[in-house]
Amino acid sequence: MITLNHFLVLGAVLFVIGLFGALSKRNAVAILMSIEIMLNAVNVTLVAFASAILNHGGKALNGATVDSSRLTGQIFAVFIITVAAAEASVALAMIIAIYRRRNTIDVGEINLMRW
Amino acid sequence: MTIDVPAVAFWVIAIILVGSALAVVVMPKIVHAALFLVAVFGAAAGIYVLLNAEFIAIVQVLIYAGAVTILILFAIMLTQNSMSRVSNPFSGQWWLAGLICVLLAAGIIFAVNSSPMAAGAASDALPLANAAGGTVVKLGQLLYSPFAYSYVLPFEIASVVLLVAIVGAIMIGREE
């Protein structure tokens, strides 16, 4: 029997793996890929909540009635995917611009603003 | 005893998902990491199918496994030779990052399991891969119905966000 908790723990584990990558990698593209993993983890959590609310016949998990917004979790997932696509395109353009100027994408060497 | 096919599918997909996410983080070559990222996106689409979110699953395959992966591979191609032999190295403080992440994971999982929701609604079995309950029509009505309660205005604003992102990417990425 698979419950909502399974999906929440899966999302948490995935989020933490992505966070570890984002904190510990030196290649800027690898950091971006880790952030994409984190966004996917959040999407898994949101869609699981939407499915659980649908399963409860429009009752929210705390008992309140949510009539027309049963699928709000999936709506949020759509918007997260949209913003993630925009974020990926801008971030990769920035990485390419930095590479053209400094000839490196090692975030340890891009330290102009280091205090 | 009958086999609970959706539950087996959940465990298989979850193991693939977590394993490929770990591979993305630990692979020493950045191209291999990018290819495992495709597996992460595909397995996440499988999770969405299990959760009766067909539209999200299709969009996931189209945008993430299609477009974002190609973007990332192009960026890797254009910036190759920038790192040394190991193209995807860890920084010096990776152990500190690992400690923070383990603490955060323990905190989140403790919070999930100790919330009052965990004993109540969240412990019911979810109807996985429910063939009768497709959600595409409802999602479409909720996303852009002009008459009923819907998210049509945020949807239009999202298209403006995409336009700004495209123009910004061209401005930032072009040669002077």
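In case you missed it, the structure is sitting above this.
Everything quoted here is computed from the prediction, not taken from an experiment.

Here is what the cut-offs are and how they apply
Residues numbered from 1 in each chain as written. Chains lettered and ligands numbered in written order. Predicted model: local features only at pLDDT ≥ 70, side-chain atom pairs only at ≥ 80, totals over all residues. Heavy atoms only, no water. Phe/Tyr/Trp six-rings, centres within 6.5 Å; stacked < 30°, edge-to-face > 60°. Helix = DSSP H or I, 4+ residues; strand = E, 2+ residues; numbered from the N terminus. Buried < 20%, exposed > 50% of the residue type's maximum accessible area, 1.4 Å probe, protein only. 1 Å grid on protein atoms, 1.4 Å probe; cavity = no way out; pocket = protein on both sides within 12 Å on 5 of 7 lines; lining within 4 Å. Points joined across faces, edges and corners; volume = space filled by probe spheres on them. Nonpolar A, V, L, I, M, F, W, Y, C, P; charged D, E, K, R; others polar. Domains from an automatic or database assignment.

Participant: Help me understand the packing of aromatic side chains, please; the structure alone is not making it clear to me.
Facilitator: Here the distance between the centres and the angle between the planes together describe a pair of aromatic rings. Across all of its chains, the model carries six aromatic pairs over all chains by this definition. Between A:Phe20 and B:Phe90 the ring centres are 5.9 Å apart and the planes differ by 40°, which places this aromatic pair in the tilted class. Of this pair, A:Phe20 sits in helix α1 (residues 4-24) while B:Phe90 sits in the loop between α3 (54-78) and α4 (94-114), each in a different chain. Consider the rings of B:Phe41 and B:Tyr64, whose centres lie 4.6 Å apart with planes at 35°: the pair is tilted. Of this pair, B:Phe41 sits in helix α2 (residues 30-50) while B:Tyr64 sits in helix α3, and the two are 23 residues apart along the sequence. You'll find B:Phe41 and B:Tyr64 in the same group, each marked buried. One aromatic cluster in this structure is built from A:Phe7, B:Phe10 and B:Trp11.

Participant: Would you mind showing me how to read unusual backbone geometry here?
Facilitator: The phi angle of most residues is negative, glycine excepted, and most peptide bonds adopt the trans form. At A:Asn103, a residue that is not glycine, the phi angle is positive and equals roughly 65°. A residue is classified by how much of its surface remains accessible, and A:Asn103, at 54% relative accessible area, is exposed. Its identity as a non-glycine residue notwithstanding, B:Asn52 has a phi of 60°, on the positive side. Residue placement: B:Asn52 occurs in the loop between α2 and α3. Since its relative accessible area comes to 6%, B:Asn52 is described here as buried.

Participant: Help me understand the layout of surface pockets in this model?
Facilitator: The probe, sized like a water molecule, is rolled over the atoms to show the empty space still left. Roughly 320 Å³ of internal volume is contained in the largest pocket. Lining the largest pocket are 19 residues, with A:Ala85, A:Ser89, A:Leu92, B:Leu71 and B:Ala169 positioned closest to its centre. At the level of elements, α3 (72-102) of chain A together with α3 and α7 (152-173) of chain B are the ones that each hand at least two residues to the lining of the largest pocket. Here the element with the most residues in the lining of the largest pocket is α3(A); it accounts for eight residues. Here the residues of the lining of the largest pocket are counted per class, giving 16 nonpolar, three polar and no charged. Split by domain, the residues of the lining of the largest pocket number at least three in each of domain 1 (5-134) and domain 2 (135-176) of chain B.

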